[in-house]
Amino acid sequence: MNAPFVLLTVTGALAISVALPRNRPHAQAAISSIGSILLAIFALWITLDDPFEVLGLAVKITSTWRILGRALILDESNRAAVGFLYLAGAFIFGGAWVARPNRNLYYVGLLCLGSVAASFLIQPFLFAALFLEFTAMGAVLVLVSPENPNHRGGLRLLILYTLAMMAILIAGWMLDNLGVTSATPELAHRATMLLALGFAVIMAVPPFHLWLPPAAEKANPYALSFVTILLQSAGLFFLLRFLDSYTWLREVPGLFEMIRWVGIAMVCFGSMLTIAQRTFSKVMAYALITDFGVMLLAVGTGIPEGYRLALGLSGVRVVNLAVWAMGSAKILHHRGDGQFQALQGAAYRSPLGAASALIGLASMAGFPLTAGFPGRWALLSKLAKIDPLAGWAIILAFLCVGAAALRWTNALLGSPLDERVVSSTLTETLFLVGGIAMCILLGAFPQLLYPWVTEAAAGMAQLFP
Amino acid sequence: MTWLEELAIVASVAVALTGALLILSDNRRLLLATLAAQYVFAAWLVSLSLPLQVAAAKLVAGLLACAIIAVALANVGWSDQFVTPETIPSSMIFRIIAVCLVLLVAFGLGGDIWSALPKISTLASYGATFLIAMGLLQLGFQEEPVKVGIGLLTIISGFEVAYTTIEPSLAVMALLATVHLGIAVVVSHLLLIGSGEKPRLEG
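Note that the structure is predicted; figures quoted are calculated from it, not measured.

Asks: Please clarify how the overall build of chain A should be interpreted in this entry.
Replies: Helix and strand counts for chain A come out as 19 helices and five strands. The globule rule puts the C-alpha radius of gyration for 465 residues at 23 Å, and the 21 Å found for chain A is close to it. Along the first, second and third principal axes, the C-alpha set of chain A runs to 65 × 60 × 40 Å. Sorting the 465 residues of chain A into buried and exposed places 62% on the buried side. If you sum the accessible surface of chain A, you get close to 16,800 Å²; carbon and sulfur atoms cover 67% of it.

Asks: What exactly am I supposed to notice about the overall build of chain B here?
Replies: When helices and strands are tallied, chain B shows eight helices and zero strands. Tracing chain B from N to C terminus, the helices and strands come up as α-α-α-α-α-α-α-α. In terms of overall size, chain B behaves like a compact globule, its C-alpha atoms giving a radius of gyration of 17 Å where 203 residues would be expected to give roughly 17 Å. Here the C-alpha coordinates of chain B stretch approximately 50 × 40 × 25 Å along the principal axes.

Asks: Whenever I open this one, the packing of helix 16 (residues 372-386) of chain A against helix 17 (residues 388-412) of chain A confuses me. Can you help?
Replies: Describing two packed helices takes the angle between their axes plus the distance from one axis to the other. Residues and elements named next belong to chain A. Between helix 16 and helix 17, whose axes approach to 6 Å, the crossing angle comes to 150°. Classed by the angle they form, the pair helix 16 and helix 17 counts as roughly antiparallel. In contact with R376, L379, L380, L383, A384 and I386 of helix 16, helix 17 contributes P388, A390, G391, I394, I395 and A397. Looking at the contact of helix 16 with helix 17 residue by residue, the classes come out as ten nonpolar, one polar and one charged.

Asks: I keep staring at the sheet that holds strand 5 (residues 122-123) of chain A and nothing clicks. Help me out?
Replies: By definition, the strands of a sheet pair up through backbone hydrogen bonds, in either a parallel or an antiparallel sense. Residue and element names in this part refer to chain A. Ordered in space as 3-4-5, the three strands form an open sheet in which the pairing is antiparallel. Only two strands of the sheet have a single neighbouring strand rather than two, namely strand 3 (64-67) and strand 5. Pairing analysis gives four bridges linking strand 3 to strand 4 (residues 70-73), with the strands arranged antiparallel. Within strand 4, the position partnered with W65 by the bridge is L72.

Asks: Teacher, can you tell me more about the interface of chain B and chain A here?
Replies: Buried accessible area, meaning the area lost when the parts come together, often serves as the stated size of an interface. Taken together, the contact between chain B and chain A spans 36 residues of the former and 36 residues of the latter. Taking both sides of the interface into account, the surface hidden between chain B and chain A amounts to around 3,300 Å²; carbon and sulfur atoms contribute 78%. Our count for the chain B to chain A interface comes out at three salt bridges. The tally of links from chain B across to chain A stands at six residue pairs in polar contact (both at pLDDT 80 or more). Of all the secondary structure elements, the ones that give two or more residues to the side of chain B that touches chain A are helix 6 (122-141), helix 7 (145-166) and helix 8 (170-195) of chain B.

Asks: Which parts of the structure should I look at to understand unusual backbone geometry?
Replies: Residues and elements named next belong to chain A. The omega torsion across Q123 and P124 is -5°, close enough to zero to call that bond cis. Tracing the sequence through the fold places P124 in the loop between strand 5 and helix 5 (128-143). Between P206 and the following residue, P207, the backbone shows a cis peptide bond with an omega angle of 10°. With respect to the helices and strands, P207 occurs in the loop between helix 7 (185-202) and helix 8 (212-218).

Asks: Could you clarify how one ought to interpret the nonpolar core in this entry?
Replies: The nonpolar side chains of soluble globular proteins are, as a tendency, buried together. Judged by nonpolar contacts, the single largest core of 254 residues is most densely connected at F238, F242 and L243 of chain A. If sequence neighbours within four positions are ignored, F238 of chain A has contacts with F125, L126, A128, A129, L132, I168, F199 and I202 of chain A.

Asks: Just checking my understanding: could you explain the environment of L191 of chain B for this structure?
Replies: Residues and elements named next belong to chain B. Looking at where L191 falls in the secondary structure, it is placed in helix 8. A C-alpha to C-alpha distance of 7.5 Å links L191 and V146, two positions 45 residues apart in sequence. In this view, L191 contacts R28, A72, L73, V76, E144 and V146; residues no more than four positions away in its chain are not counted.

Asks: Any chance you could explain the packing of helix 5 of chain A against helix 9 (residues 221-245) of chain A here in plain terms?
Replies: Residues and elements named next belong to chain A. Taken N-terminus to C-terminus, the directions of helix 5 and helix 9 make an angle of 170°; their axes are 10 Å apart at the nearest point. Looking at the two axes, helix 5 sits roughly antiparallel to helix 9. Of helix 9, the residues touching helix 5 (which contributes A128, A129, L132, T135, A136, A139, V142 and L143) are A223, L224, V227, L230, L231, A234 and F238. Looking at side-chain class alone, the contact of helix 5 with helix 9 contains 14 nonpolar, one polar and no charged residues.

Asks: I would appreciate a short explanation of the side chain of E133 of chain A in the present structure.
Replies: Checked against the element boundaries, E133 of chain A lands in helix 5. At 2.8 Å, the side chain of E133 of chain A and the side chain of T162 of chain A are in polar contact. In this structure, E133 of chain A is in contact with L158, Y161, T162 and M165 of chain A together with V179 and I183 of chain B, ignoring residues within four places of it in sequence.

The rules behind these values
Residues numbered from 1 in each chain as written. Chains lettered and ligands numbered in written order. Predicted model: local features only at pLDDT ≥ 70, side-chain atom pairs only at ≥ 80, totals over all residues. Heavy atoms only, no water. Helix = DSSP H or I, 4+ residues; strand = E, 2+ residues; numbered from the N terminus. Rg over C-alpha atoms; globule rule 2.2 N^0.38 Å. Buried < 20%, exposed > 50% of the residue type's maximum accessible area, 1.4 Å probe, protein only. Areas by Shrake-Rupley, 256 points an atom, 1.4 Å probe, with all protein chains shown as cover. Axes fitted to C-alpha atoms, helices over the stretch in contact; angles between N-to-C directions. Parallel < 35°, antiparallel > 145°, perpendicular 65-115°, else oblique. Contact = heavy atoms within 4.5 Å. Nonpolar A, V, L, I, M, F, W, Y, C, P; charged D, E, K, R; others polar. Pairing = 2+ DSSP bridges. Buried area = accessible area lost by both parts, 1.4 Å probe. Salt bridge = Lys/Arg side-chain N within 4 Å of Asp/Glu carboxyl O. Polar contact = N/O pair within 3.5 Å; in protein donor to acceptor, adjacent residues only side chain to side chain. Core = buried A, V, L, I, M, F, W, Y, C linked by side-chain atoms within 4.5 Å.

That is the geometry; function is a separate question.
Below is the structure:
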């Protein structure tokens with residue numbers, strides 16, 4: 001028996017078991033969440049390649065699964081990342097108890113988790129691009145549902161990821177077979193351009209963000225959060241593995257400066273458009289683009305602390321988005337409810353839902369005492385020495401997304417349009433209060449999350465010497 | 001030299017023609033038949049660099065993808081009209097001119113664009129370029145799931161013709177074949193959702 005086989009087959013079996021109990025969203029949320037936690041424990045702590053005893057029986061679980069000439073390997077270099085992935089999945093599936101998304105989120109969502117896990121495990125890691133494509137396919141099934149039949153965002157996502165997959169596969173072949181180094185500038189230029197195209201799509205760098213706003217406008221907020229968390233986390237890890245594996249890539253003149261410029265452009269673009277939105281879901285879509293830009297600024301520092309901050313920001317995003325999406329799902333009950341006018345007074349209809357949505361957004365902006373603040377503050381202090389302009393971009397992001405959060409707070413606290421009240425069950429209340437508390441707790445004590453999340457990249461010996 | 005290699009020019013021209021027909025036709029039955037034929041010719045081009053059995057496996061995956069879309073179309077009806085975005089001109093004359101121009105560009109690029117790949121034959125490189133060019137044009141014209149799906153499958157077929165010459169491992173080929181099937185499943189899902197049918201997946 002080998003660990004990758006166990007991980008992937010159990011994930012598949014969980015997906016099937018979740019598909020069976022129809023119309024029981026709580027059971028589905030519980031099975032998905034508990035199953036993901038168990039798989040995370042397995043990935044993090046199982047003894048690999050050495051025999052051990054279970055109930056008196058000798059068991060040996062190997063780290064490698066060879067299949068059709070390629071290998072899936074779970075070892076010290078990636079087990080923390082796989083564990084983080086499944087724990088993030090468990091957190092999101094648990095929160096779905098409140099958000100009640102369509103049931104594809106559990107069934108297809110688990111398959112997407114398995115696909116991203118496989119992208120971490122596959123050797124050579126270049127073929128992770130294929131698994132990201134599968135994840136994008138699953139993302140379409142999660143985003144487009146009978147409640148949201150609009151397919152525009154989903155189809156664009158699929159198109160873009162397909163093109164990215166091809167660009168990365170060709171670039172990967174060039175890197176491995178044509179002897180691309182800093183001594184072959186023309187080949188290096190071609191390979192870098194192809195990689196830049198691929199990662200621009202994966203990181204939703206404008207204009208490759210085109211799938212996000214239409215998807216945000218119509219899809220269930222929780223489904224959107226799940227998709228963006230999964231795709232972006234996988235994309236960031238993939239990018240870091242490229243930087244870790246190819247020394248010449250890190251030495252391409254101006255590479256990190258270019259990444260910072262792209263990050264600055266994303267931050268400015270996302271920040272300006274966040275203020276201009278009149279739909280709550282689209283506010284989050286553009287706030288996300290801003291957040292991806294900040295993450296690229298962290299990668300663009302080109303120093304280990306910067307990479308760690310990028311991973312930490314990625315971990316914090318899981319909490320921010322889940323808290324925002326749980327709250328949004330409570331206040332956005334009908335399609336079209338996300339319009340500015342329709343949300344007037346929503347805080348009186350569902351106070352806890354409104355508080356959760358606003359705190360998630362404020363944390364995304366990097367408000368003090370929220371989970372988003374410590375990472376941005378630390379990044380700001382790093383960037384002040386390396387690239388002051390990038391530091392100003394982070395301040396712009398804080399001001400613009402923060403202004404949007406205040407504007408929507410004003411709307412949610414406005415005069416209610418009707419006397420309707422959306423009640424919450426005890427469990428929903430617990431989840432919402434727990435999410436808000438976690439957001440504030442991680443703002444006050446970032447050491448609870450950051451060291452652990454950055455451990456996910458411990459196997460990248462070149463980036464983290 | 002086998003007859004497949006001697007007559008490879010037929011496959012290369014045929015993928016260009018089928019790619020063009022996929023853009024020009026709005027008849028769903030004809031579209032699927034053309035896509036299936038395109039898979040036959042793409043497999044022919046793949047067989048120039050891989051054993052015939054492996055190329056046949058690719059053909060089977062492609063035909064399965066066609067079958068999946070066909071089942072969904074049979075559920076939602078074959079006669080629905082495609083909706084073209086208002087911003088894109090969709091008259092037949094415009095499409096014919098666009099197809100001719102793009103094929104000309106592809107013909108001009110075909111010999112050089114894959115020059116970095118050491119083992120690809122000239123005819124396969126032209127075929128790959130035609131497929132990718134026609135697929136991209138298809139994506140530019142339509143936002144309707146069937147047409148977009150066919151465009152994506154065409155692009156991936158073209159990519160595979162070139163990529164299999166440099167990466168012949170079975171695992172990668174199996175994964176790429178699964179991409180075809182996955183896209184077909186996604187297109188079917190979107191078709192059923194768009195028509196108001198409930199896919200099984202949804203319960």
